[in-house]
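Here are the chains, one letter per residue:
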Amino acid sequence: MTGSLKKVECDPSCGFMVRSHDEQEIYKIVREHAFKSHNMKVSDKDLKEKITNA
Ligand SMILES: [Zn+2]
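First things first, this report covers the structure right here in the doc.

Here is what the cut-offs are and how they apply
Every chain begins its residue count from 1, and numbering advances along the sequence as written. Owing to the predicted nature of the model, reporting of local features is limited to residues with pLDDT of at least 70; listing and counting of side-chain atom pairs is limited to 80 or more, with chain, interface and lining totals taken over all residues. The side-chain figures draw on all heavy atoms in the structure; neither hydrogens nor water molecules are used. Take a side-chain nitrogen of Lys or Arg and a carboxyl oxygen of Asp or Glu: if they are within 4 Å of each other, that pair is a salt bridge. Labels follow the DSSP assignment, with helices taken as runs of H or I lasting at least four residues and strands as runs of E lasting at least two, numbered in each case from the N terminus. Exposure classes here rest on a 1.4 Å probe applied to the protein chains alone. A residue is buried below 20% of its type maximum, exposed above 50%, and partly exposed in between. Sites may look incomplete because water is not among the atoms; the donors themselves are N, O and S atoms within 2.8 Å of the metal, or within 3.2 Å for Na, K and Ca. Site shape is set this way: if four donors have all angles between 85 and 135 degrees, tetrahedral; if opposite donors are over 155 degrees apart and all others between 65 and 115, square planar for four donors and octahedral for six; otherwise irregular. Pairs of N or O atoms are called polar contacts if they sit within 3.5 Å, as long as, within protein, a hydrogen donor faces a hydrogen acceptor (for residues adjacent in sequence, only side-chain-to-side-chain pairs). Here, two residues are considered to be in contact whenever any of their heavy atoms come within 4.5 Å of each other.

## Some thoughts on the pattern of salt bridges
Turning to step 1, where the next piece is worked out: This structure, assessed with the given rule, holds 4 salt bridges.
Turning to step 2, where the next piece is worked out: Across the salt bridge formed by K6 and E23, the nearest N and O atoms sit 3.0 Å from each other. In this pair, K6 sits in strand β1 (residues 6-9) while E23 sits in helix α1 (residues 23-38), placing the two residues 17 residues apart along the sequence.
Turning to step 3, where the next piece is worked out: Residue E23 is classed as partly exposed on the basis of its relative accessible area, which comes to 30%.
Turning to step 4, where the next piece is worked out: A salt bridge links K45 to E49, with the shortest nitrogen-to-oxygen separation between them at 3.3 Å. Highlighted residues: K45 and E49, both in helix α2 (residues 44-50), separated by 4 residues, approximately one helical turn. Each member of the pair, K45 together with E49, is exposed.

As structure tokens, then:
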């Protein structure tokens with residue numbers, strides 16, 4: 001299922017940004033990025049707070 005275009009931006013000092021129509025894909029990519037680049041685990045709640053319309 002596709003919705004409107006959404007995005008999640010990482011910390012400005014990092015500069016990472018992901019944009020997709022697929023929220024689940026964004027969540028997956030952000031989780032991988034946070035874990036690999038920041039050694040951080042991101043909860044669903046954190047992701048829902050970070051996701052915005054692109
Ligand atoms: Zn980052």
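Read on, since the account is not over.
## Points about the coordination of the zinc ion
Turning to step 1, where the next piece is worked out: Coordination sphere of the zinc ion, protein contribution only: C10 (SG), C14 (SG), H33 (NE2) and H38 (NE2), at 2.0 to 2.3 Å.
Turning to step 2, where the next piece is worked out: Every donor counted, the 4 donor atoms about the zinc ion form angles of 104 to 115° at the centre, which fits tetrahedral coordination.
Turning to step 3, where the next piece is worked out: Mapped onto the sequence, the residues coordinating the zinc ion show the spacing C-x3-C-x18-H-x4-H. Remark: H38 occurs in helix α1 and C14 occurs in the loop between β1 and β2 (17-20); sequence separation between them is 24 residues.

## A look at the side chain of K6
Turning to step 1, where the next piece is worked out: Overall, K6 belongs to the buried group, its relative accessible area being 15%.
Turning to step 2, where the next piece is worked out: In this structure the side chain of K6 is engaged in a polar contact, spanning 3.0 Å, whose partner is the side chain of E23.
Turning to step 3, where the next piece is worked out: With residues near it in sequence (within four places) discarded, K6 still touches V18, R19, S20, E23, I26, I51, T52, N53 and A54.

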